[in-house]
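Residue-level structure breakdown
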Amino acid sequence: MLKTILCEILEIEHPILQGGMAWVSRAELVYAVEKAGAFGFLTSAIFSPDELRKEIRKLKEIGGKNFGVNIYLLHPSVEEQIKVCIEERVKAISTGAGTPGKYIKELKEHGIKIFPVVSSVSLAKRLEKQGATCIIAEGMESGGHIGDVTTMCLVPQIVDAVSIPVVAAGGIADGRGLVSALSLGAVGIQMGTRFIASNEAPVHPSYKQEIINAMERDTVVTGASTGHPVRVIRNKLALEFLKKEKEGATLKELEALGVGSLRRAVEGDMEWGSLMAGQISGLIKDIKPVKNIIEDIIKEAEEIIEGLKRFKK
């Protein structure tokens, strides 16, 4: 059985995390990931503190026990959301859109493990000093908000720069990706796009099918001019966004274009919804249960590792 220190830290069977995706990482998906022996993060981005508490309790009611919450640090009620996580005794928190430094001490005092998502070596080093449990090093191949360094380059540099465990994210969807991440020094992987294309993801079937239909060059990066680049599948909204950026549209104009766009995608608007997805979409060719996704990844990874051992002999 493929085990790493990540399995010990989170008390899971497989070294796989499901990322926190707004409108996607809801109770039903996170529970499916837990049942399959991996670890999922609920989204907080779309919830008020009270709504987040309700979603956490919904997850507990359907059987969830070992899960985390992804905290969007730009949320206007972020401090109240963190308080909810403490009161509800969640296992771990992952963070995005900033640094959780000022919250780490309190979270650790309550036994909560901290998994910041980072896209640079300098931030990883700072968060290690501040007490992070693990670093999630996310490359620019990923869907949604991205940095500017590829996973292949970012992960080993962060591994070399810190002494705490590192999880690789961005551009991973199968056993080959898991083995690659381990060879770079990571202790596991985090996936998002692969889990959108699952039976349990609470998104419109058309969104899942767009991922299946996508090829390796069908995602584009919008919002680069704003300093907050986002990777999405090309559609009318994405092309209009790129057009306006090229024409010098103001930040306010671009923000207005994007308001509510991810929710539209999740609800089935394939033209004017923001179809956040990674470049790995081109590798994903089926929609299946989360349990099968995880089992297939682990089986393939173990076969590759065993094959390498035989080759070495």
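Residues numbered from 1 in each chain as written. Predicted model: local features only at pLDDT ≥ 70, side-chain atom pairs only at ≥ 80, totals over all residues. Heavy atoms only, no water.

1. Describing the overall build of the protein chain
Each helix and strand in the protein chain was counted, giving 14 helices and eleven strands. What you see for the protein chain is a C-alpha radius of gyration of 18 Å, in line with the 20 Å of a compact globule of 313 residues. Dimensions along the principal axes, computed over C-alpha positions, put the protein chain at roughly 55 × 45 × 40 Å. Taking as baseline every contact in the protein chain between residues at least 6 positions apart, the subset at least 24 positions apart corresponds to 61%. Carbon and sulfur atoms make up 52% of the accessible area of the protein chain, which totals about 14200 Å². Charge separation in the protein chain, taken as the distance between the mean sites of 40 positive and 40 negative side-chain charges, equals 2 Å. (Helix = DSSP H or I, 4+ residues; strand = E, 2+ residues; numbered from the N terminus. Rg over C-alpha atoms; globule rule 2.2 N^0.38 Å. Contact = heavy atoms within 4.5 Å. Areas by Shrake-Rupley, 256 points an atom, 1.4 Å probe, with all protein chains shown as cover. Lys, Arg positive; Asp, Glu negative; His and termini not counted. Charge placed at Lys NZ, Arg CZ, Asp CG, Glu CD.)

2. Quick word on the sheet that holds strand 10 (residues 219–222)
With respect to topology, three strands assemble into an open sheet ordered 7-11-10, the strand pairing being antiparallel. Every interior strand has two partners, whereas the edge strands, strand 7 (144–145) and strand 10, have only one. Across two bridges, the pairing between strand 7 and strand 11 (residues 230–233) is antiparallel. Directly across from H145, in strand 11, lies its bridge partner V230. (Pairing = 2+ DSSP bridges.)

3. Things to note about the packing of aromatic side chains
Tallying each qualifying case throughout the model produces two aromatic pairs. Chaining the aromatic ring pairs together yields one cluster made of F39, F41 and F115. (Phe/Tyr/Trp six-rings, centres within 6.5 Å; stacked < 30°, edge-to-face > 60°.)

4. Let's talk about the pairing of strand 8 (residues 166–169)
Here strand 8 shows two buried faces, one formed by V166 and A168 and the other by V167 and A169. In the sheet, strand 6 (residues 135–138) pairs with strand 8 via four bridges, with the strands oriented parallel. Paired with I136 across the strands is V167, a residue of strand 8. Direction of pairing for strand 8 relative to strand 9 (residues 188–191): parallel, over a ladder of three bridges. For V167, the partnering residue across the bridge sits in strand 9 and is G188. Taken together, strand 8, helix 8 (residues 175–183) and strand 9 form a β-α-β motif whose crossover is right-handed. (Buried < 20%, exposed > 50% of the residue type's maximum accessible area, 1.4 Å probe, protein only. Right-handed = clockwise from strand over helix to strand, strands pointing away.)

5. Section: the side chain of Q18
Here Q18 shows up in strand 1 (residues 16–18). We classify Q18 as buried; its relative accessible area is 0%. In terms of polar contacts, Q18 uses its side chain to reach the side chain of S25, at 3.0 Å. A polar atom in the side chain of Q18 sits 3.0 Å from the backbone oxygen of F41. The residues contacting Q18, other than those within four sequence positions of it, are S25, L29, V30, V33, F39, G40, F41, Q190, M191 and F195. (Polar contact = N/O pair within 3.5 Å; in protein donor to acceptor, adjacent residues only side chain to side chain.)

6. So, helix 3 (residues 49–61)
Side chains three or four residues apart in an α-helix point the same way, a direct result of the helix having 3.6 residues per turn. Here helix 3 contains 13 residues, and its C-alpha end-to-end distance of 18 Å stays within 8% of the 18 Å for a straight helix at 1.5 Å per residue. All of the buried residues in helix 3 are P49, L52, R53, E55, I56 and L59. Axial view of helix 3: buried residues confined to an arc of 160 degrees, hence all on one face. Structural note: helix 3 exposes D50, K54 and E61 on the side pointing more than 90 degrees away from its buried face. On the buried face of helix 3, the contacting elements are helix 2 (27–35), strand 2 (39–43), strand 3 (68–72) and helix 4 (78–87). (Expected span 1.5 Å × (residues − 1). Arc of directions from axis to C-beta.)

7. Remarks on the packing of helix 11 (residues 236–246) against helix 12 (residues 251–258)
In contact at an axis separation of 11 Å, helix 11 and helix 12 are set at 175 degrees when each is read in the N-to-C sense. Put simply, helix 11 runs roughly antiparallel to helix 12. Within the contact between the two elements, helix 11 uses L237, E240, F241, K244 and E245 and helix 12 uses L254, L257 and G258. Looking at the contact of helix 11 with helix 12, its residues break down into four nonpolar, one polar and three charged. (Axes fitted to C-alpha atoms, helices over the stretch in contact; angles between N-to-C directions. Parallel < 35°, antiparallel > 145°, perpendicular 65-115°, else oblique. Nonpolar A, V, L, I, M, F, W, Y, C, P; charged D, E, K, R; others polar.)

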